[in-house]
Structures are given as C-alpha cells and as structure tokens.
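# Structure assessment
Okay, here's what each chain looks like letter by letter:
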Amino acid sequence: MRCPVELQKIIDTLPLSVHVIDSQGRMVEANRAWLIYFGITMDQVRGKLLSDVMRNMIFFNSGGLRKDTNWEFTAPAALETLRTKLPHTATLHQGQSVAVARPLLDERGEIQYVVTTVVELVRSERAKRFSQIEPAESQLLGESAPIQHLRRLIAQVAQSDATVLISGPTGTGKEVVASEIQRLSARAEKPFVKVNCAAIPENLMEAELFGYEKGAFTGAQKDGKAGLLETANGGTILLDEIGELPMALQPKLLRAIQERTVVRVGGVRTISIDVRILASTNRDLEKRVEEGLFRDDLYYRLNVIPLVLPALRERGGDIVLMGKRFLAEFSQRYQKPVTLTQDAWKELLSYHWPGNVRELRNLMERLVVLNQDVEVDREQMRLAMYQDLRETRQPEKQLSLQEATDQLQRRMIQAALQEHGTTYRAAAALGLSQSTLVRRAKQLGISTGHGGETDPVR
C-alpha cells in the first residue's frame, strides 16, 4: 500500500523523520527526510517487516558502516506500540533524539497503522549536514518510469564511493545526475569539481588535472599549482566528456584512480588524494575501445556503476512537465507571462527532440523572449522549434520579417517533402491541405512534381 499522492507531498515537507508500518509490522511509507537520513529508497523497504529491516541495518552497522544510524532504537518504539496498542517513546543517541510511535486505530479499535517520528533534541552532525543539503531542490525533473528508475539508482549509488560512468545522448542531463549524486552523498559539503575534458587544450590537460611544480615549464606559476584532482580532495570530481581525454593521459588517470595518488608535472613527490570519481560521456566508449581510441583498462575502471540516461523522446509526459517548469521559470525571469495552447503542447509531444532536455529548455526561453503574444499557438510553436537564427541572419543585409518567414517556411516544406516523399503526406505532417502546400511551395520556388499521393516528390 502507498500513501495518497497529496498526503505524501504533505509529509515530505516535514523536517521530522517519519515512517509508517501496518498492523503486520510491515513498512508502508516514509517521508523524504527519513529516507535521506538513512540513505535508502522506499522501494528497498516497502512491504518488508520492520524487524527484518532493523536486523539488516544492525548487520551493516556491525561492519562499520553508518554507525550514526538509529534503526535499532526507532524500530522497538514502533513494534512496542504495535504490541501494546499504546503510544511508545524511545530515547536515541544518549538523549540527543526521541522516537515517538503512535497507533492509528480503525472503527473497531484495532491498529491499522503505527506512525513513528524522530524529534531531534540535540542536533547531531549528520542532522546538521542534512539540514544544509535538504533545501537544495533536485534538478532531475520528470515522473516517467525511466526517470523514477534512475532516481532509485542515484539514491543507492550516492551512499557509496563507487566510481560511476554516466552516459547518454547530448542534452539529457548528465551533469544534473552527477550533481544529484554529490548532493545526496556523504561528501555533499565537500568540493565538487567539474572538468570538461573536451574544453581544455591537450597540451594543458595534464597540468590542469594533475598540477605542476614550480619551474615545470615556461609560464608556470612560480610556486607551482595544485591540479583539479587535488582541489577535489575529500569531495567529488566529475570528468565530463571523458571520451575526449587524450590517450597519452589515460594511463596516468588510471593510476590516479587505482592508487588514489597523483604526481604533479615536473615533480616526483606522490600526493595522496581522497576523491570520488564520476565520469560522463555521450560517446560509445566500448566502440572507442575497439577503435583503439580509449584504453580498455580505464574503461572498465570507470564503468563500475553505469548509469544510462534516456533520450527525452522516450520520457513521454515528462516533456510537458518540464516544458511547463521551464516556461514558468523564464516567464518569471523576463517578466513576460507566456502560456501554450493545447495544440502547441501536442506539437511538443510529436517532436523528436534531437537536443533532448537542453533543446527543450532553450526552446522555452526562446518562446518567452521572442513571442509578442501571451499565448503561443501551434504555428508559433513550429516557427520557434524549427528556427535557426544563424541562417536567418546576413551580415550585409538585415532580413525583413517576410523574408525571414519565407526562409523558415522554405526549410520546413523542403524537410517535410524529403522526409515523407509525397505532397499529400508532407501536407498532413505540416497541418496543411495538399493544395495549400503545393501553392506555397510554388511561391517559394520549390519543385513538388505532380504532388499526387502515389507520385513521389521530384
């Protein structure tokens, strides 16, 4: 059984840790504060006996993991209430916190649920860290099945220091996922360094990544410089576009990951580092390994936990959900309230989104900035979606609105004819009648042949 959506939203706003068991002692629900506090996801415990969950956590604690976890104290409070049908209180962490369990009875006086809250009397270090990271809202938007699955994986991997390889098409939000892992991890307060491996010139990459000693090369700082791996010490480093890392540096990075040490350029001293490694790529690294462009040993060292991000077109209703979020964001930023008609939203859903989330975000900003109307209809949406400002701008002459419109319509009609093969199908795809398309194509100087349903475009 799950909490109703609205009730779940309410308990998620509470700063207290809350969890609920049923009359059989099985986990029913918990709020976000509780899940983050204990570093788990609800899917890991829903429907399981609280006593079993408690036993598993004690096992983990005995291995030296998460020694600040209160499960062995909070569980008896709920189980005692289940046994006696009376409220029960348990003191945690030598008086730092109190667990309060209360029964919810049905009309026959039988226990239906037991609700347990944890009240902090003295703020622990973990509670302080939680309060600092809690206000930061997740930027991983969406409610589709692929995104919910991804969130569950992120919640799991965030609690370890395992190396993660985040892959997916351009614009799917790989950096957002990396930030989410950092935000939910024990390193949340530590440095988070992001390195774009494609943006740093090859001759500077080694010095930037590993640092250099004084006098290592002409133009070096007189006292030397710590590399980005050193800068991230104690925290996390994201190696973005890792597939572009020069082959010559790959063995040195592999050694740094394996041995947790670096040697600066021009130096001999070994410097120990404590850094969690996240890497991201839109490349097929296995293919690059086969092509001899990426070391297989580094690939396998990075690919400990693979996270694959879905393309936006695979996320269904998330397109509308995120579109509304971005539209509201830019409407507020530019003080221009803009809404979309139902047909305009349908147009968004039918688009293939080669640029993924980044393209959707850019489109929403473009609509707000350039649109003069409060409401955007389907045609205005199409104009914005297929607009290419670089092609409508000429250095010698400023295009008129009519000239720019003609250029855009010419490209759209040509693309539709090429894709669909006949003027009938092209017109249907563009939301026009066949006669209108043929007439407009002729005005724009586009050859359509005879334009019949069985006649291919010539």
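Predicted model, so just to flag it, every value in this text is computed and none were measured.

What follows concerns helix α19 (residues 423-430). Along α19, the residues classified as buried are Thr423, Ala426, Ala427 and Leu430. Here the buried residues of α19 occupy an arc of 100° about the axis, which is enough to place them on one side. Two residues or fewer past α19, Gly431 is found with a positive phi of approximately 75°.

So, on to the environment of Asp274. Position of Asp274 among the secondary structure elements: in the loop between β12 (270-272) and β13 (276-281). For Asp274, a relative accessible area of 41% corresponds to the partly exposed category. On a C-alpha basis, the gap between Asp274 and Gly234 in space is 5.1 Å, while along the polypeptide they are 40 residues apart. Discounting chain neighbours no more than four positions away, the residues touching Asp274 are Arg187, Ala232, Asn233, Gly234 and Gly235. Side chain to side chain, Asp274 and Arg187 meet in a polar contact 2.7 Å long.

We now examine the nonpolar core. Ranked by size, the top nonpolar core spans 29 residues in total, and within it Leu229, Ile237, Leu239 and Ile242 carry the most contacts. For this core, the secondary-structure elements that each account for two or more residues are β7 (192-196), α9 (202-210), β10 (236-240), α11 (250-259), β13 and α13 (296-302). Among residues more than four places away in sequence, those in contact with Ile237 are Val193, Val195, Leu228, Leu229, Ala232, Val275, Arg276, Ile277 and Leu278. Listed in part, the 25 residues of the second largest apolar core include Leu327, Tyr351, Ala384 and Met385.

On to unusual backbone geometry. Phi is positive for Lys85, close to 65°, though the residue is something other than glycine. By the element assignment, Lys85 lies in the loop between α5 (71-84) and β3 (88-92). What makes Lys85 partly exposed here is its relative accessible area of 38%.

Turning our eyes to something else, we now look at the sheet that holds strand β14 (residues 305-308). Strands sit in the order β7-β10-β13-β6-β14 across an open sheet of five strands; the sheet is parallel. Because the sheet does not close on itself, it has two edges, and the strands there are β7 and β14. Taking the axes of each pair of neighbouring strands and ignoring which way they run, one obtains an average angle of 20° across the sheet.

This next bit is on the packing of aromatic side chains. Taken as a whole, this structure holds three aromatic pairs when the rule is applied. When the ring centre of Phe210 is taken as origin, the NZ or CZ atom of Lys252, which lies over that ring, is 4.6 Å away.

To continue, consider the pairing of β7. Here β7 shows a clear split, with Val193 and Val195 buried on one side and none of Phe192, Lys194 and Asn196 buried on the other. When β7 meets β10, the two strands line up parallel, connected through five bridges. By the bridge assignment for β10, Val195 is matched with Leu239.

At their nearest, the axes of helix α7 (residues 145-157) and helix α8 (residues 174-184) sit 9 Å apart, and the two run at 45° to each other. In terms of orientation, α7 lies oblique with respect to α8. The way α7 lies across α8 gives a crossing that is right-handed. Residues Leu150, Ile154 and Val157 of α7 form the contact with α8, whose participating residues are Val177, Glu180, Ile181 and Leu184.

Relative to the assigned elements, Ile271 resides in strand β12. When residues no more than four places from it in sequence are discounted, the contact partners of Ile271 are Glu230, Arg260, Thr261, Val262 and Arg264.

Turning next to the confidence of the model for the chain. With 81% of its residues at a pLDDT of at least 70, the chain reaches an overall mean of 80. Note on residues 58-73: pLDDT is under 50 here. Beyond four places in sequence and across chains, it has 33 contacts. Note that residues 450-458 has pLDDT below 50 and, in this model, 24 contacts with residues that lie over four places away or in other chains.

What follows concerns the side chain of Thr163. Structurally, the position occupied by Thr163 is in the loop between α7 and β6 (164-167). When near neighbours in sequence (up to four residues on either side) are disregarded, Thr163 contacts Arg260, Ile277, Arg301, Leu302, Val304 and Ile305.

On the surface, a cluster of negative charge is made up of Asp343, Asp373, Glu375, Asp377 and Glu379. Within the element layout of this structure, Glu379 appears in helix α17 (residues 378-385).

Conventions adopted
- Residue positions are given per chain, counted from 1 along the sequence in the order it is written.
- Given that this is a predicted model, residues contribute local features only at a pLDDT of at least 70 and side-chain atom pairs are listed and counted only at 80 or more, while totals for whole chains, interfaces and linings are drawn from all residues.
- Hydrogens are left out, water is left out, and the side-chain values use all remaining heavy atoms of the structure.
- The buried label applies to any residue whose accessible area, calculated with a 1.4 Å probe on protein chains only, is under 20% of its type's maximum; exposed applies above 50%, and partly exposed to all values in between.
- The secondary structure listing takes helices from DSSP runs of H or I that are at least 4 residues long and strands from runs of E that are at least 2 residues long, numbered from the N terminus.
- The arc in question is the one traced by the directions running from the helix axis out to the C-beta atoms.
- When checking whether two residues touch, look at their non-hydrogen atoms; a contact exists if any pair is within 4.5 Å.
- In protein, a polar contact means a hydrogen-donor-capable atom and an acceptor-capable atom, both N or O and within 3.5 Å, with residues adjacent in sequence counting only if both atoms are side-chain atoms; elsewhere, any N or O pair within 3.5 Å suffices.
- To qualify as a nonpolar core, a set must consist of buried Ala, Val, Leu, Ile, Met, Phe, Trp, Tyr and Cys residues joined through side-chain atoms within 4.5 Å.
- By the convention used here, strands pair only if DSSP detects at least 2 bridges between them.
- As a rule, the C-alpha atoms of each element are fitted with a line to give its axis, helices using only the stretch in contact, and angles between N-to-C directions run from 0 to 180 degrees.
- Pairing of aromatic side chains here covers Phe, Tyr and the six-membered ring of Trp, requires ring centres within 6.5 Å, and sorts the geometry by plane angle: under 30 degrees stacked, over 60 edge-to-face, intermediate tilted.
- Whether a charge lies above a ring is judged from NZ of Lys or CZ of Arg, which has to be within 6 Å of the ring centre and within 35 degrees of the ring normal.
- Under this scheme an angle from 65 to 115 degrees is roughly perpendicular, one under 35 degrees roughly parallel, and one over 145 degrees roughly antiparallel; angles in between are oblique.
- In this scheme the handedness of a crossing depends on how the near helix is turned from the far one: anticlockwise by less than a right angle means left-handed, clockwise means right-handed.
- The pLDDT value tells you how sure the predictor is about a given residue, anywhere from 0 up to 100.
- By definition, no residue in a patch forms a salt bridge, and every one has over 30% relative accessible area; like charges are joined within 9 Å, nonpolar side chains (Val, Leu, Ile, Met, Phe, Trp, Tyr) within 5 Å.
- The Shrake-Rupley method, run with a 1.4 Å probe sphere, supplies the accessible areas, and residue values consider only the shown protein chains as cover.
- Counted as salt bridges are all cases of a side-chain nitrogen of Lys or Arg within 4 Å of a carboxyl oxygen of Asp or Glu.
- His is not counted, nor are the chain ends, whereas Lys and Arg count as positive and Asp and Glu as negative.
- Note that the charge is assigned to NZ on lysines, CZ on arginines, CG on aspartates and CD on glutamates.

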